[in-house]
Protein chains: 2
Amino acid sequence: MKPDGNVSKTGVDLDLNGEENSAASLLSASCPLPVFDHNNIVLGHGSGGKLTADLIDKIFLPAFRNPTLDKLDDQAVVTIGNTRLAFATDSFVVTPIFFPGGDIGRLAIHGTVNDLAMSGARPLYLSAAFILEEGLAVDDLRRVVESMRTAAAEAGVELVTGDTKVVNRGKGDQIFITTTGIGIIEHDSNISADRAHPRDKIILSGYIGDHGMTIMSQREGLEFESAIESDCASLNDLVATMLATTSSAKDFIHTLRDPTRGGVATTLNEIAKHANVGMLLDERTIPVRESVKGACEVLGLDPLYVANEGKLLALVVPEMADAVLEQMRQHRLGQDAVIIGEVVEAHPGMVLMKTEIGGTRVLDVMFGEQLPRIC
Amino acid sequence: MKPDGNVSKTGVDLDLNGEENSAASLLSASCPLPVFDHNNIVLGHGSGGKLTADLIDKIFLPAFRNPTLDKLDDQAVVTIGNTRLAFATDSFVVTPIFFPGGDIGRLAIHGTVNDLAMSGARPLYLSAAFILEEGLAVDDLRRVVESMRTAAAEAGVELVTGDTKVVNRGKGDQIFITTTGIGIIEHDSNISADRAHPRDKIILSGYIGDHGMTIMSQREGLEFESAIESDCASLNDLVATMLATTSSAKDFIHTLRDPTRGGVATTLNEIAKHANVGMLLDERTIPVRESVKGACEVLGLDPLYVANEGKLLALVVPEMADAVLEQMRQHRLGQDAVIIGEVVEAHPGMVLMKTEIGGTRVLDVMFGEQLPRIC
C-alpha cells in the first residue's frame with residue numbers, strides 16, 4: 001500500500017510514516033512541546049485571529065507537519081493521476097441558525113465552495129456531515145436541508161455523500177454541519193497566499209462586514225433603519241470569470257482569499273506574513289454600507305475585522321488589475337469591486353492603511369474573539 | 001461553469017439544477033412531504049438503525065435525491081478525469097473520548113479510512129474538522145491529535161487540510177471530529193451493496209462487538225475479568241490483501257461493509273433489502289469473545305447489533321470464498337475470519353439465522369438507540 005508515482009501533492013511534504021524526521025520524533029521526549037499559553041480552550045481559539053493561529057501553530061502543525069496549513073491556504077491542492085484537485089473542509093456552528101440572507105445550511109454549502117474556489121478550482125462534489133442535538137425541531141432540519149439543496153444548485157455542485165450523528169440534549173446546539181468539497185483545477189496557475197508579490201494590486205469584490213454584522217445584530221436584538229443581510233454566496237462563478245479575463249497572460253492572479261473569520265484585516269495580515277511582503281491600503285476606497293458602519297459603531301467593532309461570506313480578495317499583477325476589475329464588475333457578485341491598495345516591499349509582514357483623514361494606521365491580526373460562532 | 005465531459009459520477013444521477021424533475025418540484029406544494037413520525041430529533045435518529053434510515057429516506061433523500069445514500073454504500077464513487085475516486089465523510093461524537101483500545105481521534109481516522117476501503121479504494125488524503133467545547137483541556141486535545149497522527153501513519157494516509165471551531169461551554173461535548181477522505185480506486189471492480197448475489201458467501205473478518213461493549217462498559221462502569229478493548233483499526237490493507245487474492249478472476253468480491261453502528265445484523269439487513277436478496281447465517285460460526293458475551297448479558301444487548309470499528313463483512317462469489325478467506329487469515333486483522341453464512345434467493349430482504357439450538361430466527365434492523373454515541 002505504498003503511494004505510487006502518479007500520486008503526489010503540490011507543495012506538501014507531509015511525512016506520517018514514522019521515519020526519523022517525522023512528527024513522532026519531533027514530539028518525542030527529547031524535543032519539548034511548543035509552549036501553549038492556555039490550559040483550556042477558549043472561544044477565541046475558534047475566531048480566526050491570533051489565538052486560532054496559535055492553536056494551529058502549536059497543537060496541530062507539530063503533530064501533522066501539514067504545510068497546507070503552513071501555506072495559509074484554505075484548501076489542500078493534491079494531484080491524483082494527471083488531475084489537480086482542491087480539497088477543503090469547514091465545520092459550521094453559527095448561531096442563530098437562521099438569519100437575514102441565509103442560514104447555517106446555505107452557509108455550509110457556500111463556505112466550502114468558496115474555499116475550493118480560492119484555489120481557482122471548479123468545485124464538483126460536496127459531502128455533508130450533520131451533528132444534531134436531541135430535540136431539534138424536524139421542521140428546522142427540513143428548512144436547513146432545503147437551503148442546502150438550493151445553495152448547491154446555485155453553485156453547480158452535487159452533494160454526494162453524508163453522515164448524521166445525534167448528541168444528547170445540552171451536548172450540542174441544534175445543528176452543526178461539516179461540509180467537505182472536491183474541486184478540479186483546470187488551469188496552470190498556482191494561486192496561493194505565498195505568491196503575493198510587491199506591486200500586486202489588491203482587489204476587494206464588494207461591501208464588507210455584511211455577514212458578521214447581520215449575525216451580531218440578530219444576537220444583540222438590534223434593529224436598524226435599513227436592514228442588514230448576510231452576503232453569503234458562492235464565489236466560484238466569479239472566480240471563473242476572473243480567470244477568463246485573458247487567455248494571453250498566465251498567472252496574473254497570484255492570490256485569492258475570502259475574508260471570513262477575522263475579516264479583511266486579518267486575511268491580508270496572514271497573506272502579508274506568509275509571503276513576507278508589506279501591504280498599503282487606502283481606507284477611502286473600502287466599501288462599507290452605512291447600516292454596517294452604524295451597527296459597528298453601536299457594538300464597538302471595526303468592519304475591517306468583521307466576517308464576510310460572499311466576498312473575495314484578489315492579488316493581481318498590476319498590468320492586469322484594471323482588466324480583471326472590469327471583468328468582475330460585469331458579474332453580479334463583483335459589481336462593487338474596487339482596488340483597495342497594493343502589495344509593497346516596505347514593512348514586510350505588516351498591513352498599513354492610509355486613513356480618511358490622511359494618517360497611516362497599522363492593521364494587525366484580530367486578537368481573540370471579536371465575533372464568536374459567526375460561521 | 002457547466003460540468004464537462006470528463007467529469008462524471010458512477011451510478012449517481014443527482015439533479016440539483018432546478019429542472020422539472022428536481023427535488024424542488026418534488027418538494028413543492030403539489031407534492032406533499034413524506035410523513036416523518038417525529039416532530040423532534042431523538043437520539044435513535046443517530047444510531048444507525050430504523051430511525052436513522054427513516055431520517056435519511058424522508059428528510060435527506062427528498063432534498064438531495066442522492067443515489068449514493070440510496071446505494072447504501074458508505075462512500076460516493078465519482079470519476080474525475082480518468083480517475084475513479086472514493087469520497088467519504090463521518091462525524092465522530094463518541095463518549096467517553098478516551099477508552100481502552102483507542103480514543104475519538106483514532107476512531108476518526110480509522111472510521112473514514114474504512115468507509116473509503118469498503119469501495120476497494122486506496123485511501124490517500126484526509127481532512128479533519130474539529131468542533132471544540134470552550135473549556136476543553138488542551139492536554140486532552142494534544143492527546144487526541146497525537147492519536148490521529150499515529151492512526152494516519154498506520155493507515156498510510158495524509159491529513160492535508162482542516163478546520164477548527166469553538167462553541168460555548170455547554171453547547172458541545174469536549175470534542176467532535178469530522179473526517180473526510182479521498183481514495184483512488186485502482187481496480188475495475190464495482191464493489192457495492194447492490195451487487196450482493198444469491199450464492200455469495202458471507203465472510204466476517206473476526207470477533208464482533210468489541211468496540212461497542214468497550215464503550216458501554218466504560219459508561220456503565222462495568223468491570224469484567226478479562227478486559228474488553230475496542231477493535232478500532234484501519235482495514236484498507238486487509239482489503240488490498242483480499243483484492244490481491246487472484247489476478248485471474250475479476251469482480252469476485254461483490255460487497256464490502258464495515259458493521260459499525262447497528263452491528264452485523266443491521267448491516268446485513270441493509271444489504272439484503274437493497275439488493276433484494278435473502279441471507280442465511282449460522283449462529284455457531286459467529287465469533288464473539290466470552291467477555292463481550294458476558295457484558296452483553298449484563299446489559300441486555302445482542303452482540304449482533306453492537307458496533308465494530310475494525311471488522312468487515314465481505315460478500316464473495318462462492319468459488320473464490322475459500323481462497324479469499326485463506327488470504328485474510330494471513331493478515332493480522334483477518335486471522336479470525338470465518339464464513340458465517342450465504343446469500344440466498346429465498347426470503348428476499350430478510351436475514352435469517354440458524355441458532356445454536358437448531359431453530360431459525362429472523363434478524364431485523366435495529367430499532368432506535370441501542371447504543372447512542374458509540375462513534
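Residues numbered from 1 in each chain as written. Chains lettered and ligands numbered in written order. Predicted model: local features only at pLDDT ≥ 70, side-chain atom pairs only at ≥ 80, totals over all residues. Heavy atoms only, no water.

(A) Looking closely at the sheet that holds strand β10 (residues 253-257) of chain A. Residues and elements named next belong to chain A. Taken in spatial order, the seven strands make up an open sheet running β10-β12-β9-β13-β11-β14-β15, and their pairing is mixed. Looking at which strands have only one partner, the edges of the open sheet turn out to be β10 and β15 (360-363). Strand after strand, the sheet turns through a mean of 25° between neighbouring axes, direction not considered. Taken together, the four bridges between strand β11 (residues 278-282) and strand β13 (residues 338-344) define a ladder with antiparallel strand orientation. Considered in β13, the bridge of Gly-278 is made with Val-344. Here helix α10 (residues 318-329) sits on the sheet and contacts β9 (201-204), β12 (313-316) and β13; the angle it forms with β9, its principal contact strand, is near 10°. (Pairing = 2+ DSSP bridges. Helix = DSSP H or I, 4+ residues; strand = E, 2+ residues; numbered from the N terminus. Axes fitted to C-alpha atoms, helices over the stretch in contact; angles between N-to-C directions. Contact = heavy atoms within 4.5 Å.)

(B) Main features of the confidence of the model for chain A. Per-residue confidence for chain A gives a mean pLDDT of 88; residues scoring 70 or more make up 88%. Below a pLDDT of 50 lies the segment residues 1-31 of chain A, which in the model reaches 68 contacts outside its immediate sequence neighbourhood of four places, other chains included. (pLDDT = per-residue confidence, 0-100.)

(C) How the structure looks around helix α6 (residues 210-220) of chain A. Residues and elements named next belong to chain A. Of all the 11 residues making up α6, eight are buried; the element is thus mostly covered by neighbouring parts of the structure. Looking at α6, one finds that the buried residues are Asp-210, His-211, Gly-212, Met-213, Thr-214, Ile-215, Met-216 and Ser-217. If you follow the buried residues of α6, they end up packed against β4 (98-99), α4 (104-117) and α9 (290-299). (Buried < 20%, exposed > 50% of the residue type's maximum accessible area, 1.4 Å probe, protein only.)

(D) Representation of the packing of aromatic side chains. Enumeration according to the criterion identifies three aromatic pairs over all chains in this entry. The ring of A:Tyr207 is capped by A:Arg289, whose NZ or CZ atom sits 4.4 Å from the centre of that ring. (Phe/Tyr/Trp six-rings, centres within 6.5 Å; stacked < 30°, edge-to-face > 60°. Lys NZ or Arg CZ within 6 Å of the ring centre and 35° of its normal.)

(E) Examining the packing of helix α4 (residues 104-117) of chain B against helix α5 (residues 138-155) of chain B more closely. Residue and element names in this part refer to chain B. Here α4 crosses α5 at 30°, and the two axes come no closer than 7 Å. On the basis of their axis angle, the class for α4 and α5 is roughly parallel. For the pair α4 and α5, the crossing hand works out as right-handed. Contact with α4, carried on its side by Ile-104, Gly-105, Arg-106, Ile-109, His-110 and Val-113, involves Val-144, Ser-147, Met-148, Ala-151, Ala-152, Glu-154 and Ala-155 of α5 and no other residues of that element. Its residues assigned to classes, the contact of α4 with α5 shows eight nonpolar, three polar and two charged. (Parallel < 35°, antiparallel > 145°, perpendicular 65-115°, else oblique. Left-handed = near helix turned anticlockwise from the far one by under 90°. Nonpolar A, V, L, I, M, F, W, Y, C, P; charged D, E, K, R; others polar.)

(F) Seen up close, the sheet that holds strand β12 (residues 313-316) of chain B. Residues and elements named next belong to chain B. In spatial order, the strands read β10-β12-β9-β13-β11-β14-β15; together these seven strands make up an open sheet with mixed pairing. The open sheet is flanked by β10 (253-257) and β15 (360-363), the only strands paired with a single partner. For this sheet, the mean angle separating the axes of adjacent strands, direction not counted, is 25°. Pairing of strand β9 (residues 201-204) with β12 involves four bridges; the strand directions are antiparallel. The residue bridging Ile-202 from the neighbouring strand is Leu-315, located in β12.

(G) Expanded view of the interface of chain B and chain A. Contact with chain B, which involves 100 residues of that partner, is made by 99 residues of chain A. Interface area for chain B against chain A, summed over the two sides, is near 8,600 Å², with a carbon-plus-sulfur share of 66%. Between A:Asp90 and B:Lys165 there is a salt bridge, with the nearest N and O atoms lying 3.8 Å from each other. Between chain B and chain A we count 20 residue pairs in polar contact (both at pLDDT 80 or more) in total. At 11 residues, the largest contribution of residues to the side of chain B that touches chain A is made by strand β6 (residues 122-133) of chain B. Class assignment for the residues of the side of chain B that touches chain A results in 53 nonpolar, 26 polar and 21 charged. (Buried area = accessible area lost by both parts, 1.4 Å probe. Salt bridge = Lys/Arg side-chain N within 4 Å of Asp/Glu carboxyl O. Polar contact = N/O pair within 3.5 Å; in protein donor to acceptor, adjacent residues only side chain to side chain.)

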